[in-house]
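Coordinates in review
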Amino acid sequence: AGSRGRGSRSMRGCKSWPSLQRLLHSGSELLSVGGGGSDSGSESGTVVATGQRAQHASSVHCSALLCTMGRRKNRPRNRENTDHKPGWGAGYQEIIKENKLYEEYYQGLKIVPEGEWDQFMATMREPLPATIRITGYKSHAEEILHCLKNKYFQELQDLEVEGQKIEAPQPLSWYTSELAWHINISRKILRKSPVLEKFHQFLISETESGNISRQEAVSMIPPLLLDIKSHHKILDMCAAPGSKTAQLIEMLHSDMSVAFPEGFVIANDVDNKRCYLLVHQSKRLHSPCIMVVNHDASNIPRLHMVDADGQRNILFYDRILCDVPCSGDATLRKNIDVWRKWTTSNSLQLHGLQQRIAIRGVEQLTVGGRMVYSTCSLNPIENEAVISAILEKSEGELFHCLLDFVVQL
């Protein structure tokens with residue numbers, strides 16, 4: 001349910017709070033899927049909370065200043081043999097996949113059944129398998145899928161390389177129309193077989209053209225929970241780099257009987273540079289129903305629409321994806337640096353921002369609408385605590401629906 005009040009950093013003690021109390025109506029749901037982890041990469045009227053994704057890792061830009069200076073004629077040169085000197089990459093120690101504080105913290109929270117803890121940690125130390133999603137509108141995606149299944153996947157069924165049987169790609173059972181696939185083939189093996197090399201080159205070519213996207217399995221889940229229809233007005237609050245936004249656009253156009261959807265997607269991100277990634281991702285779909293904006297999600301302004309009668313009305317959204325910035329401590333399989341850097345303070349520092357973004361999302365949600373809240377963290381401070389705060393502040397005007405959504409990864 002959306003409030004008619006203006007956004008603010010805190011709910012109580014501000015001018016918008018009375019409006020939110022009065023105008024949050026019953027009939028909205030709050031959906032929650034507990035716990036997450038790797039997407040991804042990660043990568044909840046309704047709010048769905050998922051503790052999965054991946055997220056919005058900020059770009060790191062490095063620059064180097066190379067200075068060339070002249071050498072004096074009489075300056076003695078170092079003629080020592082340098083063959084023994086280490087080259088690029090020397091001195092970097094392999095990251096040890098251990099963090100006692102991490103294990104003690106989550107064992108104490110009992111997020112995993114007691115008998116499964118060792119298996120859980122062993123899995124977290126394994127590399128993350130690759131997953132791909134066939135992108136584009138339905139008819140085009142089906143053509144790509146037909147090509148993959150009948151030309152490339154068929155050749156991999158009984159393939160052996162150096163006595164090792166190659167695991168054939170498998171569809172993700174919970175993703176519609178077999179448009180997402182799990183591929184567990186290492187880079188070393190790819191170079192040792194002409195069949196695999198041809199398959200690899202096909203994936204590279206189709207990825208560059210935008211027909212295939214490499215996207216973590218759990219990152220695909222939040223858009224599915226939104227249950228998007230062609231008439232929905234959709235807000236993606238923290239959208240970059242844009243894999244989920246592309247899913248939202250595709251779902252908007254999924255009904256092939258509707259030539260021009262009434263709905264649209266507004267994709268927002270606070271980072272101006274990352275907004276260019278959003279534009280790059282979305283323009284490949286050639287949809288007229290997408291707008292990219294650059295704003296702080298916790299204080300994103302209200303927009304207005306002019307209806308057929310010429311009346312100017314506040315825009316409230318039918319569906320909102322609230323994929324907030326997070327500590328990413330469920331992405332250990334992909335971001336191995338988390339093993340070394342993780343502390344309990346990471347989640348505490350982000351909780352306030354996450355709560356402000358989620359509350360601002362609720363304020364812009366229409367009566368009977370649905371919002372999905374998601375992270376790529378396991379920490380209840382970033383997940384359940386945020387949802388709990390929203391429910392408390394809404395004083396019963398939001399519904400928190402638990403989805404029977406069982407995913408086997």
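Coordinates for the structure precede this section.
A few points on the structure. (Residues numbered from 1 in each chain as written. Predicted model: local features only at pLDDT ≥ 70, side-chain atom pairs only at ≥ 80, totals over all residues. Heavy atoms only, no water.)

**Here we look at the nonpolar core**
Using the following cut-off: Buried Ala, Val, Leu, Ile, Met, Phe, Trp, Tyr and Cys residues form a nonpolar core when they are joined through side-chain atoms within 4.5 Å. Partly exposed residues are those whose accessible area sits between 20% and 50% of the maximum for their type, while under 20% is buried and over 50% is exposed, using a 1.4 Å probe and protein chains only. Working definition: helices are DSSP H or I runs of at least four residues, strands are E runs of at least two. Numbering for both runs from the N terminus. Whether two residues are in contact is decided by their heavy atoms: any pair within 4.5 Å suffices.
Ranked by size, the top nonpolar core spans 73 residues in total, and within it Leu 148, Leu 196 and Met 237 carry the most contacts. It is helix H4 (residues 138-156) that contributes the most residues to this core, 7 residues altogether. When neighbours within four sequence positions are excluded, Met 237 is seen to be in contact with Asn 268, Asp 269, Ala 297, Ile 300, Ile 320, Leu 321, Cys 322, Ile 357, Arg 360 and Gly 361. Membership of the second largest hydrophobic core comes to 13 residues, among which are Val 112, Met 121, Leu 332 and Trp 339.

**Points about the packing of helix H11 (residues 345-363) against helix H12 (residues 384-394)**
Quick reminder of the rule: Between N-to-C directions, angles span 0 to 180 degrees; the directions come from axes that are lines fitted to C-alpha atoms, helices contributing only their stretch in contact. The labels follow the angle: roughly parallel below 35 degrees, roughly antiparallel above 145, roughly perpendicular from 65 to 115, and oblique for the rest. Two helices that cross are described as forming a left-handed crossing if the nearer one is turned anticlockwise from the farther one by less than a right angle, and a right-handed crossing if clockwise. Side-chain classes are defined by residue name, with Ala, Val, Leu, Ile, Met, Phe, Trp, Tyr, Cys and Pro counting as nonpolar, Asp, Glu, Lys and Arg as charged, and the others, Gly among them, as polar.
Between H11 and H12, the least distance of the axes is 10 Å, while the angle of their chain directions is 45 degrees. In terms of orientation, H11 lies oblique with respect to H12. The two elements H11 and H12 meet at a crossing, and its hand is right-handed. Between H11 and H12, the residues in contact are His 351, Gln 354, Gln 355, Ala 358, Ile 359 and Val 362 and Ala 385, Val 386, Ala 389, Ile 390 and Lys 393, respectively. Taken together, the residues that form the contact of H11 with H12 break down as 7 nonpolar, 3 polar and 1 charged.

**Re the pairing of strand E7 (residues 180-183)**
Rules: A pair of strands is treated as paired once DSSP finds two or more bridges between them.
On E7, burial covers both faces: Ala 180 and His 182 on one face and Trp 181 and Ile 183 on the other are all buried. Inspection of the sheet shows strand E3 (residues 130-134) paired to E7 by 4 bridges, in the antiparallel sense. When the sheet's bridge partners are listed, Thr 131 is paired in E7 with His 182. Judged from the 2 bridges that link them, strand E6 (residues 170-171) and E7 form a sheet pairing that is antiparallel. By the bridge assignment for E7, Pro 171 is matched with Trp 181.

**Some points on H12**
We count it as follows: This arc is built from the directions going out from the helix axis to the C-beta atoms.
Residues of H12 that are buried: Val 386, Ile 387, Ala 389, Ile 390, Lys 393 and Ser 394. The buried residues of H12 occupy one face: seen down the axis, they fall within an arc of 160 degrees. One or two residues past the end of H12 sits Glu 395, with phi positive at roughly 50 degrees.

**Some words on the sheet that holds E6**
Strand order in the open sheet made by the 4 strands is E6-E7-E3-E8, with antiparallel pairing throughout. A single partner strand is all that each edge strand has here, and the edge strands are E6 and strand E8 (212-214). Across 3 bridges, E3 lies against E8 in antiparallel orientation. What sits directly across from Ile 134, in E8, is Ile 212. Sheet strands in contact with helix H6 (residues 194-209) are E3, E7 and E8, and its direction is about 100 degrees off that of E8. The sheet contacts of helix H8 (residues 243-252) involve E3 and E8, and relative to E3 the element is tilted by about 30 degrees.

**Details of the packing of aromatic side chains**
Counted only if it meets this: Any pair of Phe, Tyr and Trp rings, taking the six-membered ring for Trp, is counted once the centres come within 6.5 Å. Such a pair is stacked with planes under 30 degrees apart, edge-to-face with planes over 60 apart, and tilted for the rest.
Within the structure shown, the criterion is met by 12 aromatic pairs. Arranged with centres 5.0 Å apart and planes meeting at 65 degrees, the rings of Tyr 102 and Tyr 106 form a pair that is edge-to-face. Within this pair, Tyr 102 and its partner Tyr 106 are both found in helix H2 (residues 100-109), separated by 4 residues, close to a single helical turn. Across the pair, exposure class does not vary: Tyr 102 and Tyr 106 are buried alike. A ring pair is formed by Phe 153 and Phe 199, whose centres lie 5.9 Å apart and whose planes are at 70 degrees; its orientation type is edge-to-face.

**Let's talk about the environment of Ile 336**
Summarising the element assignment, Ile 336 is placed in the loop between strand E14 (317-323) and helix H10 (337-341). Considered as a pair, Ile 336 and Pro 127 are 209 residues apart in the sequence and their alpha carbons are 9.3 Å apart. Leaving out residues up to four positions away in the same chain, Ile 336 has contacts with Ile 95 and Lys 97.

**Section: the side chain of Arg 333**
So the rule is basically this: Charge assignment in this entry is limited to Lys and Arg as positive and Asp and Glu as negative, and neither His nor the chain termini are counted. A pair is scored as a salt bridge if a Lys or Arg side-chain nitrogen falls within 4 Å of a carboxyl oxygen belonging to Asp or Glu. Nitrogen and oxygen atoms within 3.5 Å of one another constitute a polar contact, given that in protein one can donate a hydrogen and the other can accept it, and given that sequence-neighbouring residues count only through two side-chain atoms.
Here Arg 333 is to be found in the loop between E14 and H10. For Arg 333, which is buried and forms no salt bridge, the nearest opposite charge comes from Glu 126, at a distance of 4.2 Å. Within the local environment of Arg 333, its side chain forms a polar contact with the backbone oxygen of Glu 126, the two atoms lying 3.2 Å apart.

**Here we look at H4**
Under the convention used in this document: What a helix should span is 1.5 Å times the count of its residues minus one. In this analysis the local bend is the angle between axes fitted, respectively, to the seven residues ending at and the seven residues starting at the residue.
With 19 residues, H4 extends 25 Å from end C-alpha to end C-alpha; this agrees with the ideal 27 Å at 1.5 Å per step. Helix geometry: H4 is bent most strongly at Lys 149, by close to 35 degrees. Those residues of H4 that sit buried are Ala 141, Ile 144, Leu 145, Leu 148, Tyr 152, Phe 153 and Leu 156.

**Some words on the environment of Asn 299**
With respect to the secondary-structure elements, Asn 299 resides in the loop between strand E11 (290-294) and strand E12 (304-306). In this structure Asn 299 comes out as partly exposed when scored by relative accessible area, which is 41%. Between the C-alpha atoms of Asn 299 and Arg 360, which are 61 residues apart in sequence, the distance is 6.7 Å.

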